[in-house]
Protein chains: 2
Amino acid sequence: MNAVRQIDEANRTMTLEAGVTLERAQQIAHQYGLLYPLSLASEGSATIGGNLATNAGGTQVLRYGNTRDLCLGLELVLPNGEVWSGLNTLRKNNTGYDMKHLFIGAEGTLGVITAAVLKLFPAPVDTLTAFIATKDLNHVVQAFNACQKQFDAQLTAFEYISPNALNLVCEQFNYLHPFADEPQAHVALIEISNTSTQADALNALHQSFHSHISSAIEQGHIRNAIVAQSGAQQTQFWRIREQISAAQKRVGKNIKHDISVPISAIAEFVKITCAELELHYPSIEPTIFGHIGDGNLHFNVSRGQAFADANALMAAETDINQIVYIQVQKYNGSISAEHGIGLLKRDWLEVLKSPVELNLMSIIKQGLDPFNIMNPGKILNQ
Amino acid sequence: MNAVRQIDEANRTMTLEAGVTLERAQQIAHQYGLLYPLSLASEGSATIGGNLATNAGGTQVLRYGNTRDLCLGLELVLPNGEVWSGLNTLRKNNTGYDMKHLFIGAEGTLGVITAAVLKLFPAPVDTLTAFIATKDLNHVVQAFNACQKQFDAQLTAFEYISPNALNLVCEQFNYLHPFADEPQAHVALIEISNTSTQADALNALHQSFHSHISSAIEQGHIRNAIVAQSGAQQTQFWRIREQISAAQKRVGKNIKHDISVPISAIAEFVKITCAELELHYPSIEPTIFGHIGDGNLHFNVSRGQAFADANALMAAETDINQIVYIQVQKYNGSISAEHGIGLLKRDWLEVLKSPVELNLMSIIKQGLDPFNIMNPGKILNQ
């Protein structure tokens with residue numbers, strides 16, 4: 001279950017069995033000078049099958065989409081024991097219902113994915129990595145929109161780090177704060193990528209990024225910026241972003257929310273939700289970070305000053321979830337942007353999804369898995 | 001049914017009712033300095049609802065995807081009369097089965113789309129348009145791969161025009177053949193786009209394209225190239241591509257095939273299929289053009305020298321379809337890349353799709369539309 005079935009370099013596809021790890025999939029693409037862009041903290045152990053079953057996201061969704069968008073075809077074992085060989089390698093195929101999308105993100109409740117055809121992309125030759133500091137989250141969103149407008153698909157990542165999150169990760173791992181004299185800055189990690197092999201094109205993109213940043217500083221849209229000067233520094237910048245979860249773990253339990261809202265609503269959602277939480281739990285300090293370009297924030301609440309101990313925090317979990325999810329719903333957001341439903345959020349799904357949509361999902365589940373033998377109890381309460 | 005429900009500039013989405021024409025949708029995006037990238041010959045009359053029901057393709061799929069990829073949410077009337085308000089505006093939402101993908105491309109057989117949330121993109125500021133001439137289709141595919149590797153998402157179109165197709169359209173509409181002394185050249189129309197507003201970045205991309213083409217000519221990969229020198233000339237280049245179908249219509253009936261194969265198999269598929277056709281119908285001259293980057297060719301057979309008159313051509317239709325579709329199947333291709341199934345290809349679907357997949361489609365149809373009242377008889381024979 002972890003064989004490489006086919007690499008088609010000129011078609012930019014690879015067909016892998018479900019047990020191949022994401023890291024190996026990336027390496028296989030790399031051997032052909034191509035890119036499999038899915039990128040997650042757990043890529044060393046996460047498998048292609050798992051990525052597909054959960055429609056995994058990660059840091060490159062802004063440019064390349066979710067796992068769903070990277071998949072052209074699936075091979076599955078269906079609940080009735082039949083094998084569907086849907087290993088389509090085509091970019092365009094309008095012959096009937098697109099069945100693969102039903103199984104991607106279904107968390108194994110409709111069938112078992114055994115192999116998949118994945119899209120490959122030209123590998124970036126050069127990458128530019130920078131931190132920018134802004135006054136508030138509103139300015140981070142504005143900076144994102146300006147950056148995307150200018151660099152379009154060459155903008156491959158735009159990650160937000162709140163002051164709390166940045167201070168925490170720097171303290172816990174002894175990292176230098178990138179803007180040491182602005183500990184209250186709202187920071188974004190920006191990555192610009194270029195596939196061109198021509199020196200002039202590479203230089204032009206660097207100059208273009210520098211001009212873009214300089215003029216944003218002049219106009220007061222952002223306060224400061226640091227561009228990584230070496231590959232080692234790029235790695236260090238990314239490590240700060242990627243270690244936030246580990247830093248949170250070090251200081252004890254926390255209540256995680258993997259939410260999304262429209263990009264236009266991010267700043268207001270955070271402001272209102274923090275105010276609501278503060279009202280009930282004075283001195284609460286959510287640790288917020290995530291993928292601004294996808295409208296996806298990790299909105300995590302740890303003990304901080306607001307709770308006497310970890311037990312007090314965990315006792316408030318249901319209430320805190322409720323406060324956060326009610327705001328998510330108010331802003332037409334999602335209570336699970338990239339982590340799925342599983343068991344933990346199943347009851348919330350029943351409350352927040354419309355009865356019409358829940359019924360559609362039930363019809364599908366009952367039609368394909370009438371005896372409820374595929375990962376029973378996950379997503380749907382049946 | 002043709003109202004604009006919402007434009008969310010900072011979220012890069014617009015929510016339109018299904019009756020809005022594609023052309024109007026493009027204009028609405030344009031008013032906000034944004035791009036709705038779907039582009040079709042019939043955009044003046046085609047509607048958003050129709051685009052979604054058929055998962056329409058067109059010339060910009062290479063960069064922006066099919067209609068499916070441009071849609072974040074749907075509002076539908078279901079067969080039981082209920083309305084599903086699935087107007088999701090989020091880039092990431094992993095809460096259960098992704099129902100919208102079932103209705104997109106279902107040709108109205110599962111429900112009636114009444115509104116949709118569509119993605120918007122930064123609008124290109126500058127576009128570079130060029131024709132290249134190569135020795136054969138194999139070299140066109142190689143040129144595509146080299147171009148995509150270099151320019152990645154800035155390569156927004158790469159359209160193939162066979163010698164037959166180019167000579168026909170130039171004759172019928174009195175266009176200048178772009179390579180008049182090479183009437184047997186296999187030609188591609190290339191478009192490179194840039195969203196940058198900085199003059200240096202624009203110049204660098206132009207220089208980069210020129211160097212790319214010069215070195216491809218030096219290395220013998222391509223024979224010749226012409227870069228459009230003005231907006232008027234760009235329009236003229238595109239007109240040649242877009243008028244091929246009209247030119248075919250002028251010379252009488254033809255048998256159309258909207259097929260796709262893996263990009264790596266295009267050249268061999270065309271060679272073998274033409275040879276098979278020639279064997280049965282000497283002097284047959286397929287007119288071939290299409291979207292190389294999507295593996296999607298329009299493989300059309302008109303009367304030419306091979307048939308005494310239009311009746312003789314049409315009498316051979318079933319046989320010619322069979323010859324083409326058998327090769328499509330051999331190369332793991334699709335008999336409908338972007339035009340759908342409808343009634344015309346329904347019987348072919350039954351022959352070419354696996355029984356397992358046909359059964360999956362039937363389960364969905366029966367579950368959602370048990371009385372078969374939604375566009376009955378289309379896609380599925382029930």
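A brief look at the structure comes next. This structure is a prediction, so every number in the text was calculated from the model and none was measured. (Residues numbered from 1 in each chain as written. Chains lettered and ligands numbered in written order. Predicted model: local features only at pLDDT ≥ 70, side-chain atom pairs only at ≥ 80, totals over all residues. Heavy atoms only, no water.)

**Thoughts on the overall build of chain A**
Just so we agree on the cut-off: A run of H or I in DSSP becomes a helix once it reaches four residues, and a run of E becomes a strand once it reaches two; helices and strands are each numbered from the N terminus. Exposure was quantified through the Shrake-Rupley algorithm and a 1.4 Å probe, taking into account, for residues, occlusion by the shown protein chains and nothing else. Counted charges follow a simple rule, with Lys and Arg positive, Asp and Glu negative, and His plus the chain ends left uncounted. Charge placement uses NZ in Lys and CZ in Arg. For Asp and Glu, CG and CD serve respectively.
Looking only at helices and strands, one finds 14 helices and 15 strands in chain A. Taken along the three principal axes of its C-alpha coordinates, chain A extends 60 × 55 × 35 Å. Surface accessibility of chain A: about 14,700 Å² in total, with carbon and sulfur atoms responsible for 49%. Separation between the mean location of the 26 positive side-chain charges and that of the 35 negative ones in chain A comes to 2 Å.

**Looking at the interface of chain A and chain B**
Heads up, the condition is: For this analysis, residues touch if any pair of their heavy atoms sits within 4.5 Å. Computed with a 1.4 Å rolling probe, the buried area is the accessible surface lost when two parts are put together, summed over both parts. We define a salt bridge as a side-chain nitrogen of Lys or Arg found within 4 Å of a carboxyl oxygen belonging to Asp or Glu.
Of the residues lining the interface, 88 residues belong to chain A; the matching set on chain B comes to 88 residues. When the two sides are added together, the surface that chain A and chain B hide from each other amounts to roughly 7,000 Å², 52% of it contributed by carbon and sulfur. Considering only the surface of chain A that becomes buried against chain B, Lys92, Asn94 and Tyr97 of chain A emerge as the three largest contributors, covering 15% of it. Our count for the contact surface shared by chain A and chain B stands at eight salt bridges.

**So, the environment of Lys330 of chain A**
Residue and element names in this part refer to chain A. Which entries qualify depends on this criterion: Partly exposed describes any residue whose relative accessible area lies between the buried limit of under 20% and the exposed limit of over 50%, with all areas from a 1.4 Å probe on protein chains only and scaled to the type maximum.
Along the chain, the position of Lys330 falls in helix α12 (residues 317-330). Look at Lys330 and you get exposed, because its relative accessible area is 53%. In sequence terms Lys330 and Gln305 are 25 residues apart; their C-alpha atoms lie 28 Å from each other.

**Details of the packing of helix α14 (residues 355-368) of chain A against helix α15 (residues 355-368) of chain B**
What counts here: Only the stretch in contact is used when a helix axis is fitted, and all axes are lines through C-alpha atoms; the angle between N-to-C directions ranges over 0 to 180 degrees. Roughly parallel here means an angle under 35 degrees, roughly antiparallel means over 145, roughly perpendicular means 65 to 115, and every remaining angle is called oblique. Definitions for this section: a left-handed crossing has its near helix turned counterclockwise from the far helix by less than a right angle. A right-handed crossing has that turn clockwise.
One way to put it is that α14 of chain A packs onto α15 of chain B with a least axis distance of 9 Å and a crossing angle of 135°. Considered as vectors, α14 of chain A and α15 of chain B are oriented oblique to each other. The interaxial crossing formed by α14 of chain A with α15 of chain B has right-handed handedness. For the pair α14 of chain A and α15 of chain B, contact is made by Leu360, Ile363, Ile364, Gly367 and Leu368 of chain A and by Leu360, Ile363, Ile364, Gly367 and Leu368 of chain B, respectively.

**Let's talk about the relation of the copies chain A and chain B**
Here is the rule: Residues reaching a pLDDT of at least 70 in both copies supply the C-alpha atoms on which the copies are superposed by least squares.
Here chain A sits on chain B after a turn of 180° about the axis and a move of 0.0 Å along it, with an RMSD of 0.0 Å. The symmetry that links the two subunits is that of a two-fold axis. Comparing interface residues between copies, 100% of those in chain A also lie at the interface in chain B; the contact surface is shared.

**Description of the pattern of salt bridges**
Residue and element names in this part refer to chain A. One pass over the full model with this rule turns up 24 salt bridges over all chains. In this structure, Arg223 engages Glu182 in a salt bridge whose closest nitrogen and oxygen atoms are separated by 3.8 Å. Of this pair, Arg223 sits in the loop between α7 (199-218) and β11 (224-227) while Glu182 sits in the loop between α6 (163-173) and β10 (186-194), and the two are 41 residues apart along the sequence. The closest approach of N and O atoms between Asp347 and Arg346, which form a salt bridge, is 3.8 Å. On the basis of relative accessibility, which here comes to 48%, the residue Asp347 falls in the partly exposed class. On the basis of relative accessible area, Arg346 is assigned to the buried category, the value being 17%.

**Description of the sheet that holds strand β1 (residues 4-8) of chain B**
Residues and elements named next belong to chain B. As a reminder of what qualifies: Here, any two strands with at least 2 DSSP bridges between them count as paired.
Spatial ordering of the open sheet is given by β1-β2-β6-β4-β5, a layout of five strands whose pairing is antiparallel. Each edge of the open sheet carries a strand with a single partner, namely β1 and β5 (83-86). When strand polarity is set aside, the average angle formed by the axes of neighbouring strands in this sheet is 15°. Sitting on the sheet, helix α1 (residues 22-31) is in contact with β1 and β2 (13-17), with an inclination near 145° to β2.

**Considerations on empty space enclosed by the protein**
The condition is simple: Buried and open spaces are told apart on a 1 Å grid over the protein atoms alone, a cavity being a set of points where a 1.4 Å probe fits but cannot get out and a pocket being an open set with protein on both sides within 12 Å along at least five of seven lines. Residues with an atom within 4 Å of a point are the lining residues. Grid points are joined across faces, edges and corners, and a volume is the space filled by probe spheres set on the points. Polar here means any residue outside two lists: the nonpolar Ala, Val, Leu, Ile, Met, Phe, Trp, Tyr, Cys and Pro, and the charged Asp, Glu, Lys and Arg; Gly therefore counts as polar.
If you walk through the whole model with that rule in mind, you get three cavities of 30 Å³ or more. A volume near 400 Å³ is recorded for the largest cavity. Secondary structure elements with two or more residues in the lining of the largest cavity: α5 (137-151), β10 and α7 of chain A together with α3 (61-64), α6 (137-151), β10 (186-194) and α8 (199-218) of chain B. Taken together, the residues of the lining of the largest cavity break down into 14 nonpolar, 16 polar and three charged.

**A look at the pairing of strand β5 (residues 83-86) of chain A**
Regular strands place side chains that alternate from one sheet face to the opposite one. Residue and element names in this part refer to chain A. Covered by surrounding structure in β5 are Trp84 and Gly86 only, the residues Val83 and Ser85 on the alternate face being uncovered. Where strand β4 (residues 71-77) meets β5, four bridges bridge the pair, whose relative direction is antiparallel. When the bridges of β5 are listed, Val77 appears paired with Val83. A loop of five residues connects β4 with β5, the two strands running antiparallel in sequence, and Gly81 in this loop sits at a positive phi of about 90°.

**A look at the sheet that holds β4 of chain A**
Picture the strands of a sheet paired through backbone hydrogen bonds; they go either parallel or antiparallel. Residue and element names in this part refer to chain A. Strand order in the open sheet formed by five strands is β1-β2-β6-β4-β5, with antiparallel pairing between adjacent strands. Single-partner strands in this sheet number two, and they are β1 (4-8) and β5. The average undirected angle you get between the axes of adjacent strands in this sheet is 15°. When β1 meets strand β2 (residues 13-17), the two strands line up antiparallel, connected through four bridges.

**Here we look at the packing of aromatic side chains**
Here is the rule we go by: Two aromatic rings from Phe, Tyr or Trp, using only the six-membered ring of Trp, form a pair when their centres are within 6.5 Å; if the ring planes differ by under 30 degrees the pair is stacked, by over 60 it is edge-to-face, and anything between is tilted.
Inspection of the entire model under this criterion finds 20 aromatic pairs over all chains. Taken together, a centroid distance of 6.0 Å and an interplanar angle of 65° make the contact between Phe269 of chain A and Phe299 of chain A edge-to-face. Of this pair, Phe269 of chain A sits in helix α10 (residues 266-280) while Phe299 of chain A sits in strand β15 (residues 296-302), and the two are 30 residues apart along the sequence. For the pair Phe269 of chain A and Phe299 of chain A, a shared accessibility class is recorded, and that class is buried. With centroids separated by 6.1 Å and ring planes inclined at 40°, the aromatic side chains of Trp84 of chain B and Phe103 of chain B adopt a geometry described as tilted.

**Considering unusual backbone geometry**
All names here are of chain B. Positive phi, normally seen in glycine, also occurs at Ser283, with a value near 70°. With respect to the secondary-structure elements, Ser283 resides in the loop between α11 (266-280) and β14 (286-291). Phi at Asn372 is positive, roughly 50°, even though this residue is not glycine. As for its placement among the helices and strands, Asn372 is situated in the segment after α15.

Just distances and angles here, no functional claims.
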